[in-house]
Amino acid sequence: MNNILITGGTGFVGRHLIPELLADGWTVEVLTRDAVKARDVLPDSVTAIESLSAASAPKAVVNLAGENLADGRWTEARKRKMRESRLSITRELVDFIGRCETKPEALISGSAVGFYGARGDQVLDESASAGNEFQSQLCADWEAEATRARDEHGVRVCLIRTGIVLGANDGALAQMITPFKYGLGGHFGSGRQYMPWIHIRDEVGAIRFLLRETNCQGPYNLAAPNPATNRAFTDTLARVLHRPSFAWVPGPALKMMVGEMSHLLLTGQRAVPRALESAGYTFEYTELEAALDDLVGR
């Protein structure tokens, strides 16, 4: 059977991915901390499990689990939780793969463009090195845990370095829209920092593509081919919403409001999906205005 095991299946990306996998003919199991709550948000045909000991032998594994980095101040306790929520489940998944009599054909494992750190306007493809900031080391360690599945068990591993995933009613875009509705939209800091965005349909499409294409392995930037600066992004969003975009949040003020986490908002990565496009994936949304218009245009 085409069994697929997913972690993080009740999250933003997982909830959009699972119906497409079901349509592709996969039998889906979701590893979750609370199976009862998971069943409330997942399709009826999905099996929710709370332990890997209950998992069927999967043909593929998609690992999307992890605490949201932008969901609160980066206290030392939260940073430990952000690391453990990614590293521990990935370590457990790879150990589970090692115990499988028949190994999965592929592990698609989460990461982020934060891997590269703050690099200004440098164009970053998958050959670029890791940065030296907290989120960079977190992504590098996360990827190292996943890569054990290849090194120790011969499983094809794809590392998805995801950018800002844009969806209509959830994720980062839903949070961005609120100040624009009240005429308070605008850019952060200099506005020159890049925002490597991706439409949710392309995020899901790319994961499905990597599952299908057996020659694909290694890191892939899941970001649209045309990243936008923060100022260009906010101006475009304002235009699509027919709202003004004249507010400005200075860097020091943002640091006072959200602490170290402001680093994510004031720096960015000009990441491009060179490996994904070279492998043959065709983006549905390459231009920001078309993506935003599809999701929130009036």
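Let me begin by describing the structure that accompanies this report. Not measured: the values here are computed from a predicted model.

### Here's the deal with the packing of helix α5 (residues 171–181) against helix α7 (residues 230–241)
Between α5 and α7, whose axes approach to 11 Å, the crossing angle comes to 70°. Overall, the two elements α5 and α7 adopt an arrangement that is roughly perpendicular. Seen from above, α5 lies across α7 with right-handed handedness. Contacts between α5 and α7 involve L173, M176, I177 and F180 from the first element and F233, T234, L237, A238 and L241 from the second. Of the residues contributing to the contact of α5 with α7, the split by class is 8 nonpolar, 1 polar and no charged.

### Quick look at the nonpolar core
By size, the foremost hydrophobic cluster in this structure holds 36 residues, and its most contacted members are I4, V28, V62, I207, L210 and L276. Among the secondary structure elements, those contributing two or more residues to this core are β1 (3–7), α1 (12–23), β2 (27–31), α2 (35–41), β4 (60–63), β7 (156–162), α6 (200–212) and β12 (218–222). Here this core takes 7 residues from α6, the largest share from any one element. Once residues lying within four places of it in the same chain are set aside, the contact partners of L276 are E126, A206, F209, L210, Y220, N221, L222, Y281 and F283.

### A look at the environment of G280
Along the chain, the position of G280 falls in the loop between α10 (274–279) and α11 (288–296). Taking the C-alpha atoms as reference points, G280 and F209, 71 residues apart in sequence, are found 9.0 Å from one another.

### Remarks on the packing of aromatic side chains
Given two aromatic rings, their pairing is described by the distance between the two centres and the angle made by the two planes. Under the counting rule described, the total for this entry stands at 4 aromatic pairs. Pairing Y281 with F283 gives two aromatic rings, centres 5.1 Å apart and planes at 80°, and the pair type is edge-to-face. When sorted by exposure, Y281 lands in the same class as F283, which is buried. Cluster of aromatic residues (ring-pair linked, three or more members): F209, Y281 and F283. The lysine or arginine in question, R86, covers the ring of W142, its NZ or CZ lying 5.0 Å from the ring centre. Above the plane of the ring of F115 lies R161, whose end atom (NZ or CZ) is 3.7 Å from the centre.

Calculation notes
- Residues numbered from 1 in each chain as written.
- Predicted model: local features only at pLDDT ≥ 70, side-chain atom pairs only at ≥ 80, totals over all residues.
- Heavy atoms only, no water.
- Axes fitted to C-alpha atoms, helices over the stretch in contact; angles between N-to-C directions.
- Helix = DSSP H or I, 4+ residues; strand = E, 2+ residues; numbered from the N terminus.
- Parallel < 35°, antiparallel > 145°, perpendicular 65-115°, else oblique.
- Left-handed = near helix turned anticlockwise from the far one by under 90°.
- Contact = heavy atoms within 4.5 Å.
- Nonpolar A, V, L, I, M, F, W, Y, C, P; charged D, E, K, R; others polar.
- Core = buried A, V, L, I, M, F, W, Y, C linked by side-chain atoms within 4.5 Å.
- Buried < 20%, exposed > 50% of the residue type's maximum accessible area, 1.4 Å probe, protein only.
- Phe/Tyr/Trp six-rings, centres within 6.5 Å; stacked < 30°, edge-to-face > 60°.
- Lys NZ or Arg CZ within 6 Å of the ring centre and 35° of its normal.

Keep in mind that these numbers describe shape and distance, not what the molecule does.
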